[in-house]
Amino acid sequence: MTNNDNVLILGSGGQIGTDLVYKLRTDLGGDRVIAADLKDQEGYLKESGPFYTLDVLDAQSVADIIRAHKVKRVYLLAALLSATAEQKMKSAWKLNMEGLFNVLDIARELGGLRVFWPSSIAVFGPTTPRVNTPQYTVMEPTTVYGISKLSGELWCEYYFKKFGVDVRSIRYPGLISYKALPGGGTTDYAVDIYHQALDKGSYNCFLKEDTALPMMYMPDAIRATLELMEAPSDDVKIRSSYNLAGISFTPEQIAAEIKKHIPEFAISYEPDFRQAIADSWPQSIDDSRAQQDWGWNPQYDMESMTKDMLMHLKEARQSA
Ligand code: NAD
Ligand code: AKB
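Residue numbers here run from 1 along each chain, matching the order of that chain's written sequence. Chains carry letters and ligands carry numbers; both start at the beginning, A for chains and 1 for ligands, and go up in the order they are written. With the structure being a predicted model, the display of local features is reserved for residues of pLDDT at least 70 and the display and counting of side-chain atom pairs for 80 or more, all residues being used for whole-chain, interface and lining totals. Excluding hydrogens and water, the side-chain values take into account all heavy atoms of the structure.

**Student:** How should I be thinking about helix 6 (residues 144-163) in this particular structure?
**Tutor:** Because an α-helix packs 3.6 residues into every turn, residues spaced three or four apart end up facing the same way. Helix length check: helix 6 (20 residues) gives 27 Å between terminal C-alpha atoms against 28 Å at 1.5 Å per residue, within 8%. It only takes one pair of heavy atoms within 4.5 Å for two residues to be counted as in contact. Secondary structure follows DSSP: runs of H or I at least 4 residues long count as helices, runs of E at least 2 residues long count as strands, and numbering of each begins at the N terminus. On its buried side, helix 6 packs onto helix 4 (82-87), helix 5 (89-110), strand 6 (119-120), strand 7 (166-168) and strand 8 (170-172). Positive phi shows up at Gly164, right after helix 6, with a value of about 70°. An expected span of 1.5 Å times one less than the residue number is assigned to each helix.

**Student:** Even after reading the chapter, I still don't get the sheet that holds strand 8, so can you show me in this structure?
**Tutor:** Pairing between the strands of a sheet is mediated by backbone hydrogen bonds and can be parallel or antiparallel. In this scheme, strands are said to pair when DSSP sees at least two bridges between them. Reading across the sheet, the three strands line up as 6-8-12 and stay open at both edges, with parallel pairing between neighbours. Of all strands in the sheet, those with a lone pairing partner are strand 6 and strand 12 (242-243), marking the two edges. Relative to strand 8, strand 6 runs parallel, the two being bridged by two bridges. Residue pairing for strand 8: Ser119 is matched across the bridge by Arg171. Sheet strands touched by helix 8 (residues 218-230): strand 8 and strand 12. Its angle to strand 8, the strand with the most contacts, is close to 175°. Every angle, taken between N-to-C directions, lies between 0 and 180 degrees, and every axis is a line fitted to C-alpha atoms, over only the stretch in contact when it is a helix.

**Student:** I would appreciate a short explanation of the sheet that holds strand 9 (residues 174-176) in the present structure.
**Tutor:** The strand order across the open sheet formed by three strands is 9-11-13, and the pairing between neighbours is mixed. At either end of the open sheet lies a strand with only one pairing partner, and these are strand 9 and strand 13 (247-249). Sheet twist, expressed as the mean angle between neighbouring strand axes with direction ignored, is 40°. As paired strands, strand 11 (residues 213-217) and strand 13 are joined by three bridges and run antiparallel to one another. Opposite Leu213, over in strand 13, you have Phe249 as the bridge partner. Across the sheet, helix 7 (residues 189-199) lies against strand 9, strand 11 and strand 13, angled at about 25° from strand 9, the strand it touches most.

**Student:** Explain the site of ligand 1 here, please?
**Tutor:** Near ligand 1 there are 26 residues, and of these Gln15, Asp37, Asp55, Tyr145 and Lys149 occur at the shortest range. Between N or O atoms, a polar contact is any pair within 3.5 Å; within protein, one atom must be a potential hydrogen donor and the other a potential acceptor, and residues adjacent in sequence are included only when both atoms are from side chains. Note that an oxygen atom of ligand 1 is positioned 2.6 Å from one of the side-chain N or O atoms of Asp37. Here a nitrogen atom of ligand 1 sits 3.4 Å away from a polar atom, N or O, in the main chain of Leu54. For the accessible areas, the method is Shrake-Rupley and the probe is 1.4 Å, while residue cover comes only from the protein chains on display. Considered on its own, ligand 1 offers 830 Å² of accessible surface; in the complex 92% of this is hidden by protein. Of all the secondary structure elements, the ones that give two or more residues to the shell around ligand 1 are helix 1 (15-28), strand 6, helix 6 and strand 9. Amino acids are sorted into nonpolar (Ala, Val, Leu, Ile, Met, Phe, Trp, Tyr, Cys and Pro), charged (Asp, Glu, Lys and Arg) and polar (every other residue, Gly among them). Partitioning the shell around ligand 1 into residue classes produces 14 nonpolar, eight polar and four charged. Here, proximity means that at least one heavy atom of the residue falls within 4 Å of the molecule or strand.

**Student:** In this structure, what is going on with the side chain of Asp220? I would like to understand it.
**Tutor:** In this fold, Asp220 is placed in helix 8. Side-chain polar atoms of Asp220 contact the backbone nitrogen of Gln299, separated by 3.0 Å. Not counting residues within four places of it along the chain, the set of residues in contact with Asp220 comprises Trp296, Pro298, Gln299 and Tyr300.

**Student:** Explanation requested: a negative patch on the surface in the structure shown.
**Tutor:** The residues that make up patches have over 30% relative accessible area and no salt bridge, and they are joined within 9 Å when like-charged or within 5 Å when they are Val, Leu, Ile, Met, Phe, Trp or Tyr. What counts as a salt bridge is simple: a side-chain nitrogen of Lys or Arg found within 4 Å of a carboxyl oxygen of Asp or Glu. Neither His nor the chain termini are counted; the positive set is Lys and Arg, and the negative set is Asp and Glu. Charged side chains are reduced to one point each, which is NZ for Lys, CZ for Arg, CG for Asp and CD for Glu. A cluster of acidic residues, Glu209, Asp210, Glu252 and Asp279, forms a negative patch on the protein surface. Counting through the fold element by element, Asp210 comes out in the loop between strand 10 (202-205) and strand 11.

**Student:** Whenever I open this one, the site of ligand 2 confuses me. Can you help?
**Tutor:** Taken together, Leu81, Ser82, Ser120, Ile121, Tyr145, Gly174, Gly185, Thr186, Thr187 and Trp281 form the complete shell of residues around ligand 2. At 2.7 Å from an oxygen atom of ligand 2 is found a side-chain nitrogen or oxygen belonging to Ser120. A distance of 2.6 Å separates an oxygen atom of ligand 2 from a polar atom in the backbone of Thr186. Residue ranges labeled as domains rest on an automatic or database domain assignment. Here the shell around ligand 2 spans two domains, and each of domain 1 (6-121 + 134-172) and domain 2 (175-214 + 246-319) adds at least three residues to it.

**Student:** Could you clarify how one ought to interpret the environment of Pro282 in this entry?
**Tutor:** As for its placement among the helices and strands, Pro282 is situated in the loop between helix 10 (274-279) and helix 11 (288-294). Accessible area is worked out with a 1.4 Å probe on protein chains only. A residue is then buried under 20% of its type maximum, exposed over 50%, and partly exposed in between. Residue Pro282 is classed as buried on the basis of its relative accessible area of 1%. Residues Pro282 and Phe124, spaced 158 residues apart in sequence, show a C-alpha to C-alpha distance of 7.0 Å. With sequence-adjacent residues up to four places away left out, Pro282 is seen in contact with Ile121, Phe124, Arg130, Thr133, Ala212, Leu213 and Pro214.

**Student:** Can you help me understand unusual backbone geometry in this one?
**Tutor:** Most of the time, phi is negative for any residue but glycine, and the peptide bond is trans. Non-glycine residue Lys70 carries a positive phi angle of around 50°. Under the relative-accessibility criterion, Lys70 is labelled exposed at 60%. Residue Asn132 is not a glycine yet carries a positive backbone phi of 55°. Along the polypeptide, Asn132 turns up in the loop between strand 6 and helix 6.

**Student:** Please clarify how the packing of helix 7 against helix 12 (residues 302-319) should be interpreted in this entry.
**Tutor:** Two measures define how a pair of helices packs: the angle their axes make with one another and the distance between the axes. As a packed pair, helix 7 and helix 12 sit with axes 10 Å apart at the nearest point and diverge in direction by 55°. Accordingly, the angle class assigned to the pair helix 7 and helix 12 is oblique. Handedness of the helix 7/helix 12 crossing: right-handed. Here Tyr194, His195, Leu198 and Asp199 of helix 7 lie close against helix 12, whose contacting residues are Met305, Thr306, Met309, Leu310, Leu313, Lys314 and Arg317. An angle below 35 degrees is read as roughly parallel, one above 145 as roughly antiparallel, one from 65 to 115 as roughly perpendicular, and any other as oblique. Note on convention: the crossing is left-handed when the near helix lies turned anticlockwise from the far helix by less than a right angle, right-handed when the turn is clockwise.

Distances and angles like these do not, on their own, reveal function.
Right, here's the structure in full:
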């Protein structure tokens, strides 16, 4: 990037956007990072740089902002996640697909834009090998969200090959963070559990105790995203989406880790419809292609993540 290149983050008010805006505004300066979300925001997002209330389905407004701010990097984070998408099938498909087409078409027309679009472990399904899931394997997702992400991956690859659009993508695992709450996914329990451990000393989990899922602490996910976005074009050999691994654990294991810090913490289990979604996803991921192609290496394990999460959440409660 040059000093005049600006960044646009669409869906900036969500779990990932909150951390990504903070990191990019810290690194580049507030004015160079344009944040936009369907929902009006308050606080840091609006006060530390430009913010627009914007629907990604309104392609003209997205293009106008890109032109007006001389944007060269677009992060498209607006989507409906797995649990919400099962409840709102058609609107999830519309947002997840049309939002992506709008950005890919703008990038094709304007040229010179680099696009980040996140995929998910949800692209895999019950027929996929669940342990150490390879980059290339059987992909038959059974959720609305997974179908939209797999379709999106194929469209990203198509726009790269056919039109030269520089689009880059990661299949994020479940993300754990303290700045913002998650927005309607199956892995949300792994964030909620920390909040409720501090607030109530107990947690009623919507997944069974032995449900292993791939997860990652947000600082690792943000670093991976920026490393992929800044990698030389020739190093980015996969234009559908890269597997990315961090930590894999079950609710029982994360509860045991929290208990080391809050000995009275108690967990109970009441699986709901999200259990079937989790059962269709991998338990762990092989990310050797991300390691080889652009040097990916996660830093956090369950122990260091738990320590950091609890420290930040306690600080936020003390200063509230
Ligand atoms: P989120 O639900 O927390 O945030 C999405 C944001 O998009 C929200 O602030 C919402 O208001 C906004 N939005 C919704 N509709 C919009 C529209 N029409 N126009 C503009 N903004 C709109 O989601 P997130 O967790 O930050 O996820 C971001 C992306 O990363 C999504 O594509 C998601 O599928 C993907 N992803 C997330 C995770 C995770 O664990 N958080 C894991 C895998 C993939
Ligand atoms: C979800 O649970 O829907 C997301 C994801 C893994 O894509 N966190």
